[in-house]
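Descriptive structure summary
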Amino acid sequence: GDPKNCLIRIRSDVSLAMINSLFILNGNGEVIIEKHYRGNTKRVECEIFWAEVIKAKTPQDVPPVLSSTSSVLIHVYKNSLFFVASVRRDVMPLVVVEFLMRVADIFVDYFGELNEHAIKDNFITVYELLDEMLDNGLPLNMELSVLKELVKPPDPFAKMIGTVTGDWRSNTELPQSTLTNVPWRRTGIRYLQHEIFVDIVEEIDALVSKSGRPVHMQVTGSIFCNAKLSGMPDVQMVLNRSRYDIVDTALHPCVRLKRYEEEGVLSFVPPDSAFKLATYVLRKEYPIPISVRPKIKYDELSHAGELSVAVTPQYSRGPGADGSIEDCIVTIQFTEEVSSTSLSSNIGSTHFDSARKVCTWTVGQVPFGRTAMMTGGLALDPTMPTPKRQPSVLLQFKILSNSVSGLMIEGCTVLGESKQPYRGLRCITKARKLEYAT
């Protein structure tokens, strides 16, 4: 089966994920968190890992799985932090990667941010969380609502009292979810208003040719849910797409897998907190909701060049959307022959890093029906030949109230309820790695 599904649904299988040690390193290679579950792993393993980081051009280029002297190191990189797991037996790497990503997400929810300072300011909470999330190297408690009953989120006032009195008021009671057969939801939950909010976030990975047609395209989506419902609600959610159109689906443990496989219905009892209901991949070719027209010309005689890039929103505005693109950034990695630039734009600001040969155009918001333009000249190094290779254009953006694949929630009901809750749906499309040839 799909390793992502195996990750979430089979937690007690020793062959899936047995982590010996967990390290968190900052951007300078300093170990700020070190936790051992099955024997001690020497820090020389971290030195071997950091040597690979130094060799790589960027932190993202470091191989996620590395072999060291006595173990295998599996890591993820988030917010200038390396989460490194040391394993000494056969495991599914994706299981460990997913676990490390969940650890990072839980830290964000607890501390409001993920960086070195947040971790150092909450050392005690970090170690308490790591104690609860892994048992003898196996994933145990990964549900946020359960963890918050076991480990209270940091409270500045309580922290000050604990520092003075020495009483940290540790929670010694078992979470109420241990008393039911639904470990991700506690009993006795009551809300005055019943609401369920769903976010569909889709990210585009595509390589676009000069003609504007995608050579390769993949859409990765996530369905986030936040259900504020009393008791033990049984939610039925129907998508407007057949499950056969969706590949590589990973579901939250609360989803009834057999019902989804047979009928394509997401049937579940939701946790009492915001959670990721499902992730999926769509490999069909969809219209890209933005048009980018880059042009670069070099003149060998004058040792100069011309550049123009046009960015235009091109999609039908959905309900409640103004059709604009937000957080738009255009990045061009020039070759070493380009010494300087003189660029201007009608929207946003431009910057050229002469050391890295990178031009960054921070566009920001582009209203629907308007075109953002960047034009100007390029100065070439006269001692070097004219560039033979054209640079590519990387694009980042965000569009609200838009789903590039058209995936929507057709129906959402709570069984056994005469009065259905308020339902809110929001769609967001982002560019994860969108590259245009020039």
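Above this text sits the structure in question.
Attention in this report is confined to the structure presented alongside it. Since we're looking at a predicted model, the values are computed, not measured. (Residues numbered from 1 in each chain as written. Predicted model: local features only at pLDDT ≥ 70, side-chain atom pairs only at ≥ 80, totals over all residues. Heavy atoms only, no water.)

Glancing now at the sheet that holds strand 14 (residues 290–299). Judged by pairing direction, the sheet is antiparallel, and its four strands sit side by side in the order 14-15-20-17 without closing on themselves. Two strands close off the open sheet at either side, each with one partner strand: strand 14 and strand 17 (338–345). Mean inter-strand twist for the sheet, computed between neighbouring axes without regard to direction, equals 15°. Judged from the seven bridges that link them, strand 17 and strand 20 (residues 372–380) form a sheet pairing that is antiparallel. Considered in strand 20, the bridge of serine 342 is made with glycine 377. (Pairing = 2+ DSSP bridges. Helix = DSSP H or I, 4+ residues; strand = E, 2+ residues; numbered from the N terminus. Axes fitted to C-alpha atoms, helices over the stretch in contact; angles between N-to-C directions.)

This paragraph deals with unusual backbone geometry. Notably, asparagine 79 is not glycine yet its phi reads approximately 50°, a positive angle. For asparagine 79, the location among the structural elements is in the loop between strand 4 (72–78) and strand 5 (81–87). One non-glycine residue with positive phi stands out, namely histidine 303, at about 50°. By secondary structure assignment, the location of histidine 303 is in the loop between strand 14 and strand 15 (304–313). Classification of histidine 303 by relative accessible area gives partly exposed; the value is 30%. (Buried < 20%, exposed > 50% of the residue type's maximum accessible area, 1.4 Å probe, protein only.)

Taking strand neighbours across the sheet as the criterion, the nine strands line up as 11-13-9-8-23-21-16-19-18 in an open arrangement whose pairing is mixed. Here the strands that pair on one side only, and so sit at the sheet edges, are strand 11 (247–251) and strand 18 (349–353). Neighbour-to-neighbour, the strand axes of this sheet turn through a mean angle of 10°, independent of strand direction. Note that strand 16 (residues 325–333) and strand 21 (residues 393–400) share five bridges and pair antiparallel. Bridge assignment links threonine 331 to a residue of strand 21, and that residue is leucine 394.

Moving on, we come to the pairing of strand 23 (residues 422–436). Both strand 8 (residues 195–208) and strand 23 contribute to a ladder of 14 bridges, which runs parallel. The residue of strand 23 that forms the bridge with valine 208 is tyrosine 436. Alignment of strand 21 against strand 23, held across six bridges, turns out to be antiparallel. Within the sheet, the bridge partner assigned to lysine 398 lies in strand 23 and is lysine 430.

Under the definition given, this model contains 10 aromatic pairs. Seen from their ring centres, tyrosine 77 and phenylalanine 82 are 4.7 Å apart, and the 45° between their planes marks the pair as tilted. Since its relative accessible area comes to 27%, tyrosine 77 is described here as partly exposed. Look at tyrosine 110 and phenylalanine 111: their rings are 6.3 Å apart centre to centre, the planes differ by 65°, and that puts the pair in the edge-to-face class. Each member of the pair, tyrosine 110 as well as phenylalanine 111, is classed as buried. A network of ring pairs unites the aromatic residues Phe49, Trp50, Tyr77 and Phe82 as a single cluster. (Phe/Tyr/Trp six-rings, centres within 6.5 Å; stacked < 30°, edge-to-face > 60°.)

Structural measurements only, silent on function.
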